[in-house]
Amino acid sequence: MAASPVQSKHEISEAGEADLYGACRPVKSFQKLNQIGEGAYGTVYRGIDKANGRMVALKRVILHNEKQDGFPLTSLREIRTLKLIGRHPHCVRLEEIAVGRKRDGVFLVFEYCEHDMAHLIDHMNTRFTSSEVKNLLLQLLRGVAHLHELWIIHRDIKMSNLLYTNAGRLKLADFGLARLYGAPPAPMTPKVVTLWYRAPELLLGSETYDVSIDMWAVGCIFGELLEYKPLLPGGDELEQLKKIFELLGSPNERIWPGVESLPHVASGMVSLRPDRYPYNTVAARLPRLSEGGVDLLNSFLAYDPQKRLNATDAQRHAFFTNERPLPKEDSLMPTFPSRHDEMEAREKERARLSEGQKSSTAMLLKSALFSSSSASRKGLGGREGLKTSGGTIMPVVKKAKHDG
Ligand SMILES: Nc1ncnc2c1ncn2[C@@H]1O[C@H](COP(=O)(O)OP(=O)(O)OP(=O)(O)O)[C@@H](O)[C@H]1O
C-alpha cells in the first residue's frame, strides 16, 4: 500500500521503505565507492552491498527527457535482455535493480568485474600469450553462443564491452543495444555496432540482418587481441568500408550473392572497386598467425553473412582443438590488480591533499602514483593513445609458464 500523503518523509521506517520500493532495495543498501565507467546510457560506480560486503557495479540509468519519454527504452530493453540471459559464466549478471528517493535514482546492480578488456590491453606490460588469446576467444564465443541460442543479437560487441574478472573470466557486458530477432528477420536499423566492429552488410545499408553481425565483431576482436590495436579503425563509414576492402579484397556477386542489391551499392553511393582491391591480405597483415588462425579469422570475416561462422561451430575449429599451443585452461588465466583500487586511492589522496593534510605519507603515496602513471607511457599503450588513467598493468598471478 502507498504511504499516506500526510506521513512525513522522516516517519517512513526502513520496513516501510521496502514497501515503497516494491521488490527493489533502496540504493542506500549499497556503499557507493568510486566512479568506474561513463557510457552513453549511464554512469557506472563501484559499490559494496552492505548486507554481505560483496563488491558490485551500479549503473545509473540516465533519464534524458523523463517528462516526455518516461523510463528510457534502451534501459528497459537492457533489463529485459539481462533477465532473459539469466546466469551465464560469460555474460555479466544483473543482480537486482536498486532505487533512490528521487525519480531519476534508478540503478542496475551488476556483479563486479575488475577490468574492461579495452583498458587492459592498452596498459598491460606483457602481451597475452597465444594460448591465452585462444582461451579469451573461446570464452567470448561461449558467451556469444549463449545469446544467439536465445535469439538475442548483442549489436555492440567491442573491446570495452568485454569485462575481465580476477578469476580470469571474460564476460560480455552492455546489452543496451541488444535485440531479440525472429525468422525471417524483421527490418531493424543498420546504424548499430561501434564503427570499427560493424559488419559490411550494415555499412552497405542492409536492414535485414541477424546474429552474424555479432560474429563479424568477434572477428575484429580476434584481430585486436593479436595486434594490440584495432583491426579496422575507420574514421567514417566510407573509410571503414575501404579498410575492409583493403584487408579482404572487394566483395562481388560470386562470393556474396546479393551484394549489388544492397541499398548503398544499388544507389551508387558505394562502388565495390573490384580492380582496386583484388586480394585477401589477412595472412600478410598477420604474419605470425598460424594457418588455422588465418582460416578462423577469415571465417568470422566472411563477406556473405550466411557463410559467416557461427559461435557454436567456431568453438570446434581446429585452431582450438588441434593446433598447438592449445587454449590455456580457465583456471590458469592471468589476473591483474584492479585499476579501480588505484583510481579510488587517487581520489582519496586528492581529497586529502585538498584538505591541506600534506603529511609525509601523502607525499610518498603521491610520488608512487606519479611514477606508475608515467610507466604507462613505456607500456604497450597505443590503441587509445597515451591515456594515463592507470599505470602499466602487471599480471598478479601467473600460474603457468609462458607458453608462447
Ligand atoms: N559489471 C561491471 N563491472 C565493472 N565495470 C563495469 C561493469 N559494467 C560496466 N563497467 C564499466 O563501465 C563502462 C561503461 O559501461 P556500459 O558499457 O555498460 O555503459 P554504457 O552507458 O552502455 O556504455 P556505452 O557508451 O559503451 O554504450 C564499461 O566499459 C566498464 O569499464
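Residues numbered from 1 in each chain as written. Predicted model: local features only at pLDDT ≥ 70, side-chain atom pairs only at ≥ 80, totals over all residues. Heavy atoms only, no water.

Peer 1: Which residues make up a nonpolar patch on the surface, and what values do they have?
Peer 2: Among the surface-exposed residues, Leu84, Trp151 and Leu180 lie close enough to one another that they form a single nonpolar patch of about 260 Å² accessible area. Locating Trp151 in the fold gives a position in the loop between helix 5 (130-149) and strand 8 (152-153). Since its relative accessible area comes to 40%, Trp151 is described here as partly exposed. (Patch = residues over 30% accessible without salt bridge, like charges linked within 9 Å, V, L, I, M, F, W, Y side chains within 5 Å. Areas by Shrake-Rupley, 256 points an atom, 1.4 Å probe, with all protein chains shown as cover. Salt bridge = Lys/Arg side-chain N within 4 Å of Asp/Glu carboxyl O. Helix = DSSP H or I, 4+ residues; strand = E, 2+ residues; numbered from the N terminus. Buried < 20%, exposed > 50% of the residue type's maximum accessible area, 1.4 Å probe, protein only.)

Peer 1: Summarise the pairing of strand 4 (residues 55-60); cite the residues concerned and give the values.
Peer 2: As paired strands, strand 3 (residues 42-49) and strand 4 are joined by 5 bridges and run antiparallel to one another. Counterpart to Tyr45 in the pairing with strand 4 is Leu58. With antiparallel pairing between neighbouring strands as the criterion, strand 3 and strand 4 make up a hairpin whose turn holds 5 residues, including Gly53 at a positive phi of roughly 75 degrees. (Pairing = 2+ DSSP bridges.)

Peer 1: Lay out the side chain of Lys171 in plain terms, naming residues and giving numbers.
Peer 2: For Lys171, the position within the fold is in strand 10 (residues 170-172). A polar atom in the side chain of Lys171 sits 3.1 Å from the backbone oxygen of Pro89. For Lys171, the side chain forms a polar contact with the side chain of Glu111, separated by 3.2 Å. When residues no more than four places from it in sequence are discounted, the contact partners of Lys171 are His88, Pro89, His90, Cys91, Val92, Glu111, Cys113, Asn161, Leu162, Leu163 and Thr165. (Polar contact = N/O pair within 3.5 Å; in protein donor to acceptor, adjacent residues only side chain to side chain. Contact = heavy atoms within 4.5 Å.)

Peer 1: Could you give me a rundown of the sheet that holds strand 7 (residues 115-116), with the residues and numbers involved?
Peer 2: If you walk across this open sheet you meet the 3 strands as 7-9-10, and the pairing is antiparallel. Two strands in the sheet have a free side with no partner beyond their single neighbour: strand 7 and strand 10. With 2 bridges joining them, strand 7 and strand 9 (residues 162-164) adopt antiparallel strand pairing. Across the sheet, His115 pairs through a bridge with Tyr164, a residue of strand 9.

Peer 1: Go over the sheet that holds strand 5 (residues 94-99) with me, naming the residues and quoting the values.
Peer 2: Strand order in the open sheet formed by 6 strands is 1-5-6-4-3-2, and the pairing between neighbours is mixed. What marks the edges here is a single partner per strand, and that holds for strand 1 (25-26) and strand 2 (30-39). Both strand 5 and strand 6 (residues 106-111) contribute to a ladder of 5 bridges, which runs antiparallel. Residue pairing for strand 6: Leu94 is matched across the bridge by Phe110. Each of strand 4, strand 5 and strand 6 touches helix 3 (residues 73-85); the most contacted strand, strand 6, lies at about 30 degrees to it. Against the sheet, helix 14 (residues 339-354) makes contact with strand 2 and strand 3, and its axis sits at roughly 110 degrees relative to strand 2, the strand it touches most. (Axes fitted to C-alpha atoms, helices over the stretch in contact; angles between N-to-C directions.)

Peer 1: Which residues make up the domain arrangement of the chain, and what values go with them?
Peer 2: When cut into domains, the chain gives domain 1 (25-111) and domain 2 (115-339). Look at where the C-alpha atoms of domain 1 and domain 2 centre, and you get two points 28 Å apart. Facing 17 residues of domain 1, the contacting portion of domain 2 comprises 22 residues. Both sides together, the interface formed by domain 1 and domain 2 hides about 1,700 Å², and carbon and sulfur atoms give 62% of it. Area buried by domain 1 at its contact with domain 2 is led by Arg77, His90 and Val92, which between them contribute 34% of it. Scanning the region where domain 1 abuts domain 2 turns up 2 salt bridges. Between Asp174 and Lys59 there is a salt bridge whose closest N-O contact spans 3.8 Å. For the pair domain 1 and domain 2, the interface holds 8 residue pairs in polar contact (both at pLDDT 80 or more). Examining the composition of the side of domain 1 that touches domain 2, we find that 8 residues originate from one element, helix 3, more than from any other. Looking at side-chain class alone, the side of domain 1 that touches domain 2 contains 7 nonpolar, 4 polar and 6 charged residues. (Domains from an automatic or database assignment. Buried area = accessible area lost by both parts, 1.4 Å probe. Nonpolar A, V, L, I, M, F, W, Y, C, P; charged D, E, K, R; others polar.)

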